[in-house]
Amino acid sequence: MSNNAAGPSSKSKAGSSQPSETTFKRKRGVFQKELQHMMYGFGDDPNPLPESVALVEDIAVEYVTDLVHKAQDIGSKRGKLSVEDFLYLIRKDMPKLNRCTELLSMNEELKQARKVFESDEEKLRKVFEADEES
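Residues numbered from 1 in each chain as written. Predicted model: local features only at pLDDT ≥ 70, side-chain atom pairs only at ≥ 80, totals over all residues. Heavy atoms only, no water.

Section: the overall build of the chain
Worth spelling out the cut-off: Strands are runs of DSSP state E lasting at least two residues, helices are runs of H or I lasting at least four, and both sets are numbered from the N terminus onward. Summary of the burial criterion: residues with accessible area below 20% of their type's maximum are buried, those above 50% are exposed, and those between are partly exposed, where the area comes from a 1.4 Å probe applied to protein chains only. Here, residues are in contact when the closest pair of their heavy atoms is within 4.5 Å. We get accessible surface area from the Shrake-Rupley algorithm with a probe of 1.4 Å; when it comes to residues, only the shown protein chains can shield them.
The number of helices and strands found in the chain is five helices and zero strands. Ordering the α and β elements of the chain from the N terminus gives α-α-α-α-α. Looking at the chain as a whole, 11% of its 134 residues are labelled buried. A fraction of 26% describes how many contacts in the chain between residues 6 or more apart in sequence connect residues 24 or more apart. Of the roughly 11,400 Å² of accessible surface on the chain, 59% is carried by carbon and sulfur atoms.

A short note on the layout of surface pockets
Defined as follows: Cavity means a closed set of points on a 1 Å grid over the protein atoms alone, one where a 1.4 Å probe fits but cannot get out, pocket means an open set with protein on both sides within 12 Å along at least 5 of 7 lines, and lining means a residue has an atom within 4 Å of a point. Grid points are joined across faces, edges and corners, and a volume is the space filled by probe spheres set on the points. In the scheme used here, Gly and all other residues not listed as nonpolar or charged are polar, with Ala, Val, Leu, Ile, Met, Phe, Trp, Tyr, Cys and Pro taken as nonpolar and Asp, Glu, Lys and Arg as charged.
Computed from the structure, the second largest pocket encloses a volume of approximately 250 Å³. Taken together, Tyr63, Val64, Leu67, Val83, Phe86, Leu87, Ile90, Lys96, Cys100 and Leu104 make up the full set of residues lining the second largest pocket. Contributing elements (two or more residues each) for the lining of the second largest pocket: helix 3 (50–76), helix 4 (83–89) and helix 5 (94–133). For the lining of the second largest pocket, the residue count by class is nine nonpolar, no polar and one charged.

Things to note about helix 2 (residues 32–41)
In plain terms, the rule: The arc refers to the directions leading from the helix axis to the C-beta atoms.
The set of residues buried in helix 2 consists of Leu35, Gln36 and Met39. Take helix 2 and look down its axis: the buried residues cluster within an arc of 105°, on one side only. Those residues of helix 2 that are exposed and aimed more than 90 degrees away from the buried face are Lys33, His37 and Gly41. Its buried side turned inward, helix 2 meets helix 3. Directly beyond the C-terminal end of helix 2, a positive phi value near 105° is found at Gly43.

Focus on the pattern of salt bridges
Spelled out, the test is: Whenever Lys or Arg places a side-chain nitrogen within 4 Å of a carboxyl oxygen from Asp or Glu, that contact is recorded as a salt bridge.
Tallying each qualifying case throughout the model produces five salt bridges. Between Arg99 and Glu102 there is a salt bridge; the shortest N-O distance is 3.5 Å. In this pair, Arg99 and Glu102 both sit in helix 5, three residues apart, roughly one turn of the helix.

Set out below in structure tokens:
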């Protein structure tokens, strides 16, 4: 009986991931170097096995793909996808939520700094142009 119970659930999982695999072929090894460095940072060998890196990449890509699909489902109710959809999905995982909000606030600070820098640069350019004319 337990084999029958396990069979349909594994088939439904395989069936649900099957269409996405056939409609979208992704390049493997795109994140290989980054994952090797991350794995080393978390205590693995400096040159981990290619199979290990491929497995971690598959897991990470599957997680992100699943998260994006869930966010699309949430966003489709409003008609658009937003950052808040992702924050809603990870709301119960406090370390991820805290890291995401930290990165979003840092991104906003960088945008403001670039804006100030560009406006200061524009003011300096006008001053130098005025000096050259006189």
